[in-house]
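Chain by chain, the residues:
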Amino acid sequence: MLAVVALVIALAIAFAAGYFTRDFVSRKRRAEARRWREYTVPGWLRAAAPANTNEVAAGNAALPPATGELGQMLDRWESRARSRRAS
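Everything numeric in this text was worked out from a predicted model, so none of it was measured.

Chemist: Could you give an account of the pattern of salt bridges, naming the residues involved and the relevant values?
Modeler: Considering all chains together, one arrives at four salt bridges under this definition. Note that Arg35 and Glu32 form a salt bridge whose closest N and O atoms lie 2.9 Å from each other. On the criterion of helical spacing, the pair formed by Arg35 and Glu32 is a turn pair, its members being three residues apart in helix α1 (residues 2-36). Taken together, the salt bridges that share partners define one network made up of Glu78, Arg82 and Arg85.

Chemist: Can you explain α1? Please cite residues and give values.
Modeler: Here α1 contains 35 residues, and its C-alpha end-to-end distance of 51 Å stays within 8% of the 51 Å for a straight helix at 1.5 Å per residue. Phi for Glu38, located one or two positions after α1, is positive at around 55°.

Chemist: With reference to specific residues and values, describe the packing of aromatic side chains.
Modeler: For the coordinates displayed, the defined rule picks out two aromatic pairs. Ring geometry for Phe15 against Tyr19: centres 5.0 Å apart, planes inclined by 65°, an arrangement best described as edge-to-face. A residue pair is termed a helical-turn pair when its members lie 3 or 4 positions apart in one helix, as Phe15 and Tyr19 do in helix α1 at four residues. When the ring of Phe20 is compared with that of Phe24, the centres are 6.3 Å apart and the planes differ by 20°; the resulting orientation is stacked. Taken together, the residues Phe20 and Phe24, both in helix α1 and four residues apart, mark about one turn of the helix.

Calculation notes
- Residues numbered from 1 in each chain as written.
- Predicted model: local features only at pLDDT ≥ 70, side-chain atom pairs only at ≥ 80, totals over all residues.
- Heavy atoms only, no water.
- Salt bridge = Lys/Arg side-chain N within 4 Å of Asp/Glu carboxyl O.
- Helix = DSSP H or I, 4+ residues; strand = E, 2+ residues; numbered from the N terminus.
- Expected span 1.5 Å × (residues − 1).
- Phe/Tyr/Trp six-rings, centres within 6.5 Å; stacked < 30°, edge-to-face > 60°.

What follows is the structure in C-alpha cells.
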C-alpha cells in the first residue's frame, strides 16, 4: 500500500515538473521571439487605463438604448443614480 502511495506521489511530481518545464520553455521562446521582432506594446493596451468604470467614454456618447426588460430596468436605475449624484 505504501509503495502505491509513493508511486502516485512520484507520478504527480513528474506530471507537475513536465508542465513547469513546458511553460518555462514556452515563455523563454516567446520572449526570444518578441526580442527578435522588436515587439512594442500597442498604445491601446495601457496598464494605467481603468479596467472597469461606470463612466461613458467621450467617443461612445451615442450608445444604443437598452432593450429588453432587464436593460430598461438597469437603465432606469442608472438614471436615478446619476440624478441622485447630481443633486
